[in-house]
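An overview of the molecular structure
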Amino acid sequence: MNRIALGVSYNGASYHGWQYQNEYTPTIQGNLELALSRIADEPIRVTCAGRTDTGVHATNQVVHFTTAANRQTGAWVSGTNSYLPDSIAVFWADKVPDDFDARFSAVSRRYLYVIDNNPVRSALTPGLMTHVHRPLDTDKMHLSAQALLGENDFTSYRAANCQANTPMRRVHSITVDRIGDLVLLDITANAYLYHMVRNIVGVLIDVGESRKPESWPGELLALKDRTMGSRTAPPDGLFLIGVSYAGDSTIPSLSWPHFLHGRERD
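Everything in this summary refers to the structure shown in the same document. (Residues numbered from 1 in each chain as written. Predicted model: local features only at pLDDT ≥ 70, side-chain atom pairs only at ≥ 80, totals over all residues. Heavy atoms only, no water.)

Glancing now at the packing of helix α3 (residues 138-145) against helix α4 (residues 196-208). Where α3 contacts α4, the two axes come as close as 8 Å, and the packing angle between them is 130 degrees. Here α4 runs oblique to α3, going by the angle between their axes. When the axes of α3 and α4 are compared, the crossing they make is right-handed. Residues K140, M141, S144 and A145 of α3 touch α4, and the partners they reach there are L204, I205, V207 and G208. (Axes fitted to C-alpha atoms, helices over the stretch in contact; angles between N-to-C directions. Helix = DSSP H or I, 4+ residues; strand = E, 2+ residues; numbered from the N terminus. Parallel < 35°, antiparallel > 145°, perpendicular 65-115°, else oblique. Left-handed = near helix turned anticlockwise from the far one by under 90°. Contact = heavy atoms within 4.5 Å.)

Overall, the coordinates contain six salt bridges when judged by the stated rule. Here E209 ties to R134 by a salt bridge, and the two come within 3.9 Å at their closest N and O atoms. Here E209 is found in the loop between α4 and α5 (216-223), whereas its partner R134 is found in the loop between β6 (130-131) and α3, with 75 residues between them in sequence. Given the relative accessible area of 13%, E209 is considered buried. For R170, the salt bridge is made with E151, and the minimal N-O distance between the two is 2.9 Å. With R170 in strand β8 (residues 168-179) and E151 in strand β7 (residues 150-153), the pair connects residues that are 19 residues apart, well separated along the chain. (Salt bridge = Lys/Arg side-chain N within 4 Å of Asp/Glu carboxyl O. Buried < 20%, exposed > 50% of the residue type's maximum accessible area, 1.4 Å probe, protein only.)

With that settled, the discussion passes to the environment of V77. Topologically, V77 is positioned in helix α2 (residues 73-81). Spatially, the C-alpha atom of V77 lies 28 Å from that of T125, the residues being 48 residues apart in sequence. Look past the residues within four positions of V77 in its chain and what remains in contact with it is V90, F91, W92 and A93.

What follows concerns the nonpolar core. In terms of nonpolar packing, the biggest core is built from 71 residues, with L6 and W76 touching the most fellow members. Here this core takes eight residues from α4, the largest share from any one element. The residues touching W76, leaving out its near neighbours within four places in the chain, are I4, L6, L36, I39, A40, F65, T67, A69, R71, V90 and A93. Counting seven residues, the second largest nonpolar core, distinct from the first, contains L112, V114, L184 and I241. (Core = buried A, V, L, I, M, F, W, Y, C linked by side-chain atoms within 4.5 Å.)

With that out of the way, let us pick up α4. The end-to-end C-alpha separation of α4 is 18 Å, in line with the 18 Å expected for 13 residues at 1.5 Å each. In terms of burial, α4 is a largely internal element, 13 of the 13 residues being buried. S210, located one to two residues past α4, shows a positive phi value of around 65 degrees. (Expected span 1.5 Å × (residues − 1).)

When α2 is considered as a whole, its buried residues turn out to be W76, V77, G79 and T80. Those residues of α2 that are buried lie in contact with β1 (2-10), α1 (28-40), β3 (57-67) and β4 (88-95).

Moving on to the pairing of β8. Along any regular strand, the residues point their side chains to alternate faces of the sheet. Pairing between β7 and β8: four bridges, direction antiparallel. Within β8, the position partnered with N152 by the bridge is R169. What sits between β8 and strand β9 (residues 182-189) in their antiparallel hairpin is a turn of two residues, with G180 showing a positive phi close to 60 degrees. (Pairing = 2+ DSSP bridges.)

Structure below.
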């Protein structure tokens, strides 16, 4: 048997999230498994690094699967892509050790949230960015977000129907930056609660619009009460951009959206 890992990018706007539901509901996993099964000539089931919600995108989702089929790397990439819709693409493939697990071997996941902070909405970016017409103070947003670093109880930032066994998560880094009219929230954590990133964004938007003080993210964290939190930001503009693995893993750890290649916060 062969264990194969893939890097997958997708525009999630037209899908009901990553996870397969049924043959009639469009999902990323459903489309990918169908395409891979045709290349492998056998049923394929994949495991991903992080299940994304309805409308959420990815530039570097990592998946793995096990198959008896022996195929060249190019077949897993170009062959699979030939059976995928334009909104989903495999862009790398590699044979990995039998103990590699896209989900459980991952040590961190990195998300980017993109806000179009322009007084007038764009006709070209719905689904890819969230539009906020009021000016956002990104310096305030960045400074206030630092209260979320480290291992904390993120009850105030989890969805009411979150089924995680524990609200404890470790945030390794979080930055808020601006490139012209684009406001970028970049967060890396070991794992995330349901709607955690979108709830963090909602809180930081309130700070950026001066609806809440800079101390608000930390104060809300300490309350451990989701009902006291801000709105949940839309899925538009949320990208899974990287998954990191320990040791000498050859898995690519990051893939920026094309319009942000080469950009890092100073």
